[in-house]
Structures are given as C-alpha cells and as structure tokens.
Amino acid sequence: VLKKKELSMDALKAPSKCGLIKSLVQHEVNELIYRMQRILSSSKGAYVRPFEWDVPKSIKANKILELAKQLNHPEILNHGLRSFAFGKILMRLSGEKVDDEVFFAGSLLHDLGLMRDCTGSSFELVGANEACEHCEEIFEKRDLEVLYEMILLHDAIGMASDKSLELKYLHYGAGIDVADLWTHRISVENYKEVYNKYPSHNHIEFMISLLKQRLNENPKMYLSTLMKLGFTRKMRKHQSLKL
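*Asks:* Now, about the overall build of the chain: what can you tell me, with residues and values included?
*Replies:* Tallying secondary structure elements over the chain gives twelve helices and zero strands in all. The C-alpha radius of gyration computed for the chain amounts to 17 Å, which stays within 12% of the reference 18 Å derived for 243 residues, consistent with globular compactness. Its C-alpha atoms put the chain at 50 × 45 × 30 Å along the principal axes. Here the chain, with 243 residues, has 55% of them falling under the buried criterion. Pairs at least 24 residues apart make up 77% of the contacts formed inside the chain by residues separated by at least 6 positions. For the chain, the distance from the average site of its 35 positive side-chain charges to the average site of its 32 negative ones is 6 Å.

*Asks:* Could you give an account of the packing of helix H4 (residues 74-94) against helix H10 (residues 203-217), with specific residues and numbers?
*Replies:* For the pair H4 and H10, interaxial distance at closest approach is 10 Å and the crossing angle is 110 degrees. Accordingly, the angle class assigned to the pair H4 and H10 is roughly perpendicular. Judged by the sense of rotation from one axis to the other, the crossing of H4 with H10 is left-handed. Together, Glu-75, Ile-76, His-79 and Arg-82 of H4 and His-203, Phe-206, Met-207 and Leu-210 of H10 make up the contact between the two elements. In the contact of H4 with H10, the residues fall into four nonpolar, two polar and two charged.

*Asks:* Outline the nonpolar core, supporting the account with residue identities and numerical values.
*Replies:* Ranked by size, the top nonpolar core spans 77 residues in total, and within it Phe-104 and Leu-109 carry the most contacts. Of the residues forming this core, the biggest block, nine residues, is contributed by H4. Those residues in contact with Phe-104 that sit more than four places away from it in its chain are Val-55, Pro-56, Ala-61, Ile-64, Leu-65, Leu-81 and Phe-84.

*Asks:* Describe the side chain of Asn-218, listing the residues and the values that go with them.
*Replies:* Along the chain, the position of Asn-218 falls in the loop between H10 and helix H11 (224-228). Note on Asn-218: relative accessible area 17%, which makes it buried. Looking at Asn-218, its side chain comes within polar contact range of the main-chain oxygen of Ser-121, at 2.6 Å. Setting aside chain neighbours within four positions, we find Asn-218 in contact with Cys-118, Ser-121 and Ser-122.

*Asks:* Break down empty space enclosed by the protein for me, citing the residues and quoting the values.
*Replies:* Applying the stated rule across the entire model yields one cavity of 30 Å³ or more. Put simply, the largest cavity is a space of about 250 Å³. Lining of the largest cavity is provided by 19 residues; of these, His-154, Asp-155, Val-178, Leu-223 and Phe-231 occupy positions nearest its centre. Elements that contribute at least two residues to the lining of the largest cavity include exactly helix H8 (165-179), H10 and helix H12 (231-235). The biggest single contributor to the lining of the largest cavity is H8, with four residues. Looking at the lining of the largest cavity, its residues break down into twelve nonpolar, five polar and two charged.

*Asks:* Go over the layout of surface pockets, please, and point to the residues and values.
*Replies:* Of the voids in this model, the largest pocket is the one considered here, and its volume is about 480 Å³. Of all the secondary-structure elements, those providing two or more residues to the lining of the largest pocket are helix H2 (17-40), H8 and H12. A total of seven residues in the lining of the largest pocket trace back to one element, the largest contributor, which is H2.

*Asks:* I'd like a rundown of helix H5 (residues 100-109), residues and numbers included.
*Replies:* For H5, a buried count of nine out of ten residues is recorded, marking the element as mostly surrounded by other parts of the structure. Residues of H5 that are buried: Glu-101, Val-102, Phe-103, Phe-104, Ala-105, Gly-106, Ser-107, Leu-108 and Leu-109. Packing partners of the buried residues in H5 comprise helix H3 (59-71), H4, helix H6 (123-134), helix H7 (141-152) and H8. Capping of H5 at its N-terminal end is provided by Asp-99; its side-chain oxygen lies 3.0 Å from the backbone amide nitrogen of Glu-101.

*Asks:* Any chance you could break down the side chain of Glu-52 for me, citing the residues and the numbers?
*Replies:* As for its position among the elements, Glu-52 is in the loop between H2 and H3. When its relative accessible area of 17% is taken as the criterion, Glu-52 is described as buried. Among the polar contacts made by the side chain of Glu-52, one reaches the side chain of Arg-92 at a distance of 2.4 Å. Among residues more than four places away in sequence, those in contact with Glu-52 are Lys-88 and Arg-92.

*Asks:* Lay out a nonpolar patch on the surface in plain terms, naming residues and giving numbers.
*Replies:* On the surface, a nonpolar cluster with roughly 380 Å² of combined accessible area is contributed by Ile-21, Val-25, Val-29, Ile-33 and Leu-229. Using a relative accessible area of 47% as the deciding quantity, one classes Val-25 as partly exposed.

Reading guide: rules and limits
Residues numbered from 1 in each chain as written. Predicted model: local features only at pLDDT ≥ 70, side-chain atom pairs only at ≥ 80, totals over all residues. Heavy atoms only, no water. Helix = DSSP H or I, 4+ residues; strand = E, 2+ residues; numbered from the N terminus. Rg over C-alpha atoms; globule rule 2.2 N^0.38 Å. Buried < 20%, exposed > 50% of the residue type's maximum accessible area, 1.4 Å probe, protein only. Contact = heavy atoms within 4.5 Å. Lys, Arg positive; Asp, Glu negative; His and termini not counted. Charge placed at Lys NZ, Arg CZ, Asp CG, Glu CD. Axes fitted to C-alpha atoms, helices over the stretch in contact; angles between N-to-C directions. Parallel < 35°, antiparallel > 145°, perpendicular 65-115°, else oblique. Left-handed = near helix turned anticlockwise from the far one by under 90°. Nonpolar A, V, L, I, M, F, W, Y, C, P; charged D, E, K, R; others polar. Core = buried A, V, L, I, M, F, W, Y, C linked by side-chain atoms within 4.5 Å. Polar contact = N/O pair within 3.5 Å; in protein donor to acceptor, adjacent residues only side chain to side chain. 1 Å grid on protein atoms, 1.4 Å probe; cavity = no way out; pocket = protein on both sides within 12 Å on 5 of 7 lines; lining within 4 Å. Points joined across faces, edges and corners; volume = space filled by probe spheres on them. Patch = residues over 30% accessible without salt bridge, like charges linked within 9 Å, V, L, I, M, F, W, Y side chains within 5 Å. Areas by Shrake-Rupley, 256 points an atom, 1.4 Å probe, with all protein chains shown as cover. Salt bridge = Lys/Arg side-chain N within 4 Å of Asp/Glu carboxyl O.

Pasting the structure below:
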C-alpha cells in the first residue's frame, strides 16, 4: 500500500508548462526521426492482420470484457477496445510482447476514473484503485501492480514509455485514439479497420466533456497543464472524425 501511495503522490502532480513543453518537443523530435527513417527506407506502416490485435480468447479476458461492459459508458468501452487494438498493432510492428490479459484489462479499464466524481483526488488514481478492486479475484498480486501502474500513469507524457511494456503500449494505443499521436506509425488500413470494428460514438467530444468535469473537481490534476496548452484542440482534429 505504501508503495502505491508514494507512486501516486509523486506521479500525479501537474507538470510545469516548461517541463511538459520539453517532453512534447522531445516527442516531436523522436517522431520526426522515426518519419525520416521510414522515408529513407521507403517503407510504410506494415499491415497487421486482425487476429493479431483481436480480443484475447481466454476465461480471464471474458471476465474482463464483461466487467468493462458493466462499468464503462459505450464511448469509453470502445475507446478501451481501440486502445488495446492500436497498442497490439504497435507491439507487433516493434516485435515486443506483453501479458495480453493484463494489457487487455488495463486498456479496457484505464479511464474508469473519468466517469467518477474525483473531488479531492485524481481520475487516474480513482480509476486505478477501482479497477484493481474489481480485478482482485482475476489476477495475482504482481499482475495487479502492473495494472495499477498502467492506469495511474497511462497519460503521463515523458514517464509512461519508460516503465512496463504494458504501460508503454497503453500510452501509445490511447494516444492514437485521443490525439493521433502515433497514428503515422500504423497502416491506414489498420486504422480504418479498428474504427470499423469499434466505432467512435463521438468519443472525442464525450471525453473532452468528462475531462472538463474532472478539471473542475481538481484544477491541479495531471492533465491540467496539457489542457491549458490546447490539447483539446488537438483532440478535435482527430482523423477518425473524417472517416
């Protein structure tokens, strides 16, 4: 418990504008290098077959999916399913692997806190605690710790990509689905397939409205700095809105 508390207190402080801008600039530099390497190699985003990013076939995965259906609004449920799919596609392209069931749980439950009253707290922390409580009978302690970290830090720019692979690819997958941050890394065909299978239901405006509610409850929440820098405008330019 102490370990979780220390991680929460340290990780959920709203970053300074200078610190966040530095992380965003580093992201843009990294992606520019990636794009240039792709151009020089004349390669495009490789196509990943649907069965490689489909929902896991297991008893645990079925329990997680049913739980997510009960706890999530339809817009958030499909956001979670797309985050999982995009994360799996990027994993396949990078040749990395994770525990699919833990990754599935974190993907589907990572925004639970967005739908809860978070007065005096943070939606990431509220969501991490609730998700782990619901999953205590599904996962062992070690897996719950990974799940907790995934949800707590899924939006932590500059931190999420340096921890577990499950967290890293949730960060990437969710980043594609809310702001097209890594969309250029995957094929156009895969992008369209994911949205055809798990429709948007106008998830961008729905999520913006929830973020604003959580910001009113906690003006110093982690994403407050990003929102002050105009992140919602970037969300509204999402490519899925043109499909």
